[in-house]
Amino acid sequence: MSDAAAGRQPNRVQVSSNKKPLQFYLNLSKRLLQEHGEVELSALGLAVSNMVTVAEILKKDGWAVEKSIRTGLELLEPSAAAAEDGGEGGAAPATAGRSVSKPKMEVVLTKSADFDRLFAEHPPPPRGPKAAAEGEGEEAEAA
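Quick summary incoming for the structure in this document. All of these numbers come straight from a predicted model, not from anything done at the bench. (Residues numbered from 1 in each chain as written. Predicted model: local features only at pLDDT ≥ 70, side-chain atom pairs only at ≥ 80, totals over all residues. Heavy atoms only, no water.)

### Digging into the packing of aromatic side chains
Now for step 1: In this structure the tally under the stated criterion is 3 aromatic pairs.
Now for step 2: Judged by centre distance (5.5 Å) and plane angle (75°), the rings of Trp63 and Phe115 are edge-to-face. With Trp63 in the loop between α3 (48-60) and β3 (64-76) and Phe115 in helix α6 (residues 115-121), this residue pair connects regions lying 52 residues apart in the sequence. Of the two residues examined, Trp63 and Phe115, each falls in the buried class.
Now for step 3: Here Phe115 and Phe119 contribute two aromatic rings whose centre-to-centre distance is 5.5 Å and whose plane-to-plane angle is 25°, an arrangement assigned as stacked. One end of the pair, Phe115, and the other, Phe119, are both in helix α6, 4 residues apart, so they sit about a helical turn from each other.
Now for step 4: Phe119 sits in the buried class, given a relative accessible area of 19%.
Now for step 5: Three or more aromatic residues joined by ring pairs form one cluster here, namely Trp63, Phe115 and Phe119. (Phe/Tyr/Trp six-rings, centres within 6.5 Å; stacked < 30°, edge-to-face > 60°. Helix = DSSP H or I, 4+ residues; strand = E, 2+ residues; numbered from the N terminus. Buried < 20%, exposed > 50% of the residue type's maximum accessible area, 1.4 Å probe, protein only.)

Okay, here's the thing in structure tokens:
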């Protein structure tokens, strides 16, 4: 459980509600499934619906099979809660100075039986020059 405690798993994607388009998360998930055989999608608050959309598209299109789902509430400190809201305002004045509970959901997907055939026929687009130059790729961008 040390990987989970460290918070950095190479096959984990933290989905945001406003930072990246859904196609980014779909392509990244396909790459991680290819590399690791399994991908863990995770989201907090309003991003949960985006994460569910990504997971359902991967399942519906035959790329992945659902292994597990976890739900819960994440207790965020005031500064973390403001950062998670993306600086959108709204509830910030009402929650200033106190912890906030955010809904959290994690879905673990594994490669489907048809994954290798689908990946050969429809590989995700190559990573851009910026990601290739950084060496870390999209894993760092998704965090």
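Now, onward.
### Quick word on the pattern of salt bridges
Now for step 1: In this structure the tally under the stated criterion is 13 salt bridges.
Now for step 2: With a closest N to O distance of 2.6 Å, Glu40 and Arg12 form a salt bridge. Of the two residues, Glu40 is situated in strand β2 (residues 38-44) and Arg12 in strand β1 (residues 12-14); the sequence distance between them amounts to 28 residues. Here Glu40 matches Arg12 in class, with each residue buried.
Now for step 3: We note a salt bridge from Arg12 to Glu106, for which the minimum N-O separation is 3.4 Å. Highlighted residues: Arg12 in strand β1 and Glu106 in strand β4 (residues 100-111), separated in sequence by 94 residues. There is no split in this pair, since Arg12 and Glu106 are both buried. (Salt bridge = Lys/Arg side-chain N within 4 Å of Asp/Glu carboxyl O.)

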